[in-house]
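What follows is each chain in one-letter form.
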Amino acid sequence: MRQLTLKHLLMAILLATVIMSLVACGDDDDSASSQESTQAQLSAIQFEELEVPTSGDNQTVVRVSDSVVLKFTDNSSSSYPLEYHTLFRTGQKIGNNTAGMIIDRNGEPLHTEYSNNEDSISNYPDANSVLIRDGKYFLITHYEQSPGAVDITELSYNVSDKSFSAKELKNIDFSSVGGTWINCAGDKTPWGTHIGGEEDYYLDAYQFDNETKNYMSKHIAYCETDNNGKLTGGYTPPEFDKSASFSWWCGYVKDIKEEYLGGDNFTPYNYGYIIEIDTDASMNTTVKKLYAMGRSTPEMATVMPDNKTVYIADDGDFRGIYMFVADKAGDLTSGNIYMAKWIQTSAERGGSANISWVNLGHTVESEVKAIIEKKPKFSDIFLVGDPDSCNTAQGYKIVRAGDPADESKGAYKTKMCLKLRTGEERATVFESDDEVLMAARALETRKYGAYLGATAEFKKAEGLTYNPDKNELYIAISQISSSMSDDEGDIRLIKENAGAVYKLPMSSSEKDTEGNPINSQYVGTSMSPVVVGEYIGSPDDLGNTAVVNKIASPDNIRYIGYNILLIGEDTGYHVNNMAWAYNTETGKLTRIMTAPIKAEITGMFATLEKDDSLFVFTNIQHPREDISNYSAEERRGYIGYFRIPLK
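Residues numbered from 1 in each chain as written. Predicted model: local features only at pLDDT ≥ 70, side-chain atom pairs only at ≥ 80, totals over all residues. Heavy atoms only, no water.

Draft legend 1. Region of interest: helix α4 (residues 365-373). Within the span of α4, buried status applies to Glu 365, Val 368, Ile 371 and Ile 372. For α4, the arc enclosing every buried residue in end-on projection is 125 degrees, short of the 170-degree limit, so these residues lie on one face. α4 presents Ser 366 and Glu 373 as exposed residues on the side facing more than 90 degrees away from its buried surface. Structurally, α4 contributes buried residues whose contacts are with β17 (285-289), β21 (331-346), β22 (352-364) and α6 (433-443). After α4 finishes, the residue Lys 375 shows a positive phi value of roughly 55 degrees. (Buried < 20%, exposed > 50% of the residue type's maximum accessible area, 1.4 Å probe, protein only. Helix = DSSP H or I, 4+ residues; strand = E, 2+ residues; numbered from the N terminus. Arc of directions from axis to C-beta. Contact = heavy atoms within 4.5 Å.)

Listed below in structure tokens is the structure:
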């Protein structure tokens, strides 16, 4: 017994030693893990305030904050210098191609009277997205100018100083989709492609249909033609509006219809969509138009984290805000289109409202494309009546969903008298009422939405960006005026020319205006301003007509995390447009960037996170318009970025 006990004791001692050794090893691992978990994390980004430019030297260059301060969870902080890096300027040759060159439907440089029959170069760079393919970086860049252009640039990365440079550029060919038109803002999809808006200014189908010519003076029927029936660019006023002068519009239509967009094959219904662009590692791009998402004057679209809910901003006066809910995540070829209904709760300082959603119906891309190929007219979709004596007893409705720029002349009005052509009134171009409804919701999205009772009164809805930390969408309204402050319809706000940025909290259990569930986790339920500008009218000592320490006409916006919302301006109220960092938690607004005189800050602040740095790609559009020579070096647009260290 004594020997057995001793043996057991020795075994117990040995086992205890092993256990203690294992525990000690475990303690070391836990300690390392604990050290890692307690290592200070980045908690805030704070930009140094940039002063207002006051002299020629700093009013004619691109400026950013001198530094950015990083704050960490252990209360430590680090300061780093900031610098704007120009990748290239428009008109510059990168490899074998020229940045900003507008090409025609055959892929050749476009020559127009506007460009003095030389290569057309745009100084209007807008949206950016950075796509990564096989370890290579590709920058997609829009040009917001008629007719339209998009470039793709391969970027080289220098590891030693964490910088990018332009290696090779290609002008993207849109001939497979009949060309493109005024490529404005854009975004990157969660699946890594680029999407952007085709603003359909000058291409309202209502202006191209003889059934509507007696109700508006801005109409192609009054554009002059030569003996061969070709547009000359001249204009003859109609009898009902002898003072009308739209030769400028006829000149635009001449170029786009006959020189660029297809001549006899032209239909306005081929433009005004969200486009999607993809590329491979050899810069072979594919482009497509997302017809199922509807047609408007889209500034841009942004896809929510569910990969199926998409918000679309509609630029101009008497416009809408749209939500598309795809049938399948990652597939935008079919789904339901919704249009916002504003139910006002306040008119003060930007106002506020509850938001409900009018369901325009289900769309399928292939079916919409087939309808476009038939080249229907506006009056094939709607019967058109006289807006001054609209026969509502016969089912007609007054619809206001257009540009009121010349309403003061009395002949070109926002009011339309419309009736959907179904049943016995269906046009022969359509085979069924279902096809009429598909055309209405996909080709005349804004007008059909207003016809159904949605709100088409927003003024210049611009940038969109989602904040996952607060689960809310931000939308920039460039001006609170005109259709938003005319004391008519749904939106009746106090006028504020300097605009505002609004938030839309998201909900996952909403129903449309008919009481049907919306199949999305990201449905906006209200709109209220988070930051508002202040127009003062009388110029200050520098010539600013809006308060310089507040935003003026917000346009490009981007939430970059750490409670920071970047806001870029497109305004004539500040002599130098500015970009701001708005803290969504504290409400602090910090000026971080200024552009040269008359330039707009664009690029949507596209971001790329790499090597513990956040690269923010930002462009400068149409600088120095105070210089008359369009080709002058000072007037070339900038494509560039600044880098924020994250550690």
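This is not the end of the story, as more comes after the structure.
Draft legend 2. Structural context of the pattern of salt bridges. A complete count under the given rule lists 30 salt bridges for this structure. We note a salt bridge from Glu 435 to Lys 374, for which the minimum N-O separation is 2.9 Å. On the criterion of sequence distance, the pair formed by Glu 435 in helix α6 and Lys 374 in the loop between α4 and α5 (378-381) is long-range, its members being 61 residues apart. When its relative accessible area of 15% is taken as the criterion, Glu 435 is described as buried. You can call Lys 374 partly exposed: its relative accessible area is 30%. Among the ionic pairs, Asp 612 bridges to Lys 647, the shortest N-O distance being 3.9 Å. Pair noted here: Asp 612 is in the loop between β35 (600-610) and β36 (613-621) and Lys 647 is in the segment after β37 (638-645), with a separation of 35 residues, a long-range link. (Salt bridge = Lys/Arg side-chain N within 4 Å of Asp/Glu carboxyl O.)

Draft legend 3. A look at the packing of aromatic side chains. One pass over the full model with this rule turns up 28 aromatic pairs. Ring centres 6.2 Å apart and planes at 85 degrees place the aromatic pair Tyr 157 and Phe 615 in the edge-to-face group. A residue pair is termed long-range when its members are at least 10 positions apart, and Tyr 157 in strand β10 (residues 149-158) and Phe 615 in strand β36 qualify at 458 residues. For Tyr 157, a relative accessible area of 18% corresponds to the buried category. Taking the centre distance of 5.0 Å and the plane angle of 75 degrees together, the rings of Phe 164 and Phe 615 count as edge-to-face. You can see Phe 164 sitting in strand β11 (residues 163-171) and its partner Phe 615 sitting in strand β36, a full 451 residues away along the chain. The buried category is assigned to Phe 615, whose relative accessible area is 0%. Within the aromatic cluster, the residues linked to one another by ring pairs are Trp 181, Tyr 201, Tyr 202, Tyr 235, Phe 246, Trp 248 and Tyr 252. Of note, Arg 89 hangs over the ring of Tyr 638, and the distance from its end group to the ring centre comes to 3.7 Å. The ring of Tyr 451 has Lys 397 sitting right over it, with the charged end atom 4.3 Å from the ring centre. (Phe/Tyr/Trp six-rings, centres within 6.5 Å; stacked < 30°, edge-to-face > 60°. Lys NZ or Arg CZ within 6 Å of the ring centre and 35° of its normal.)

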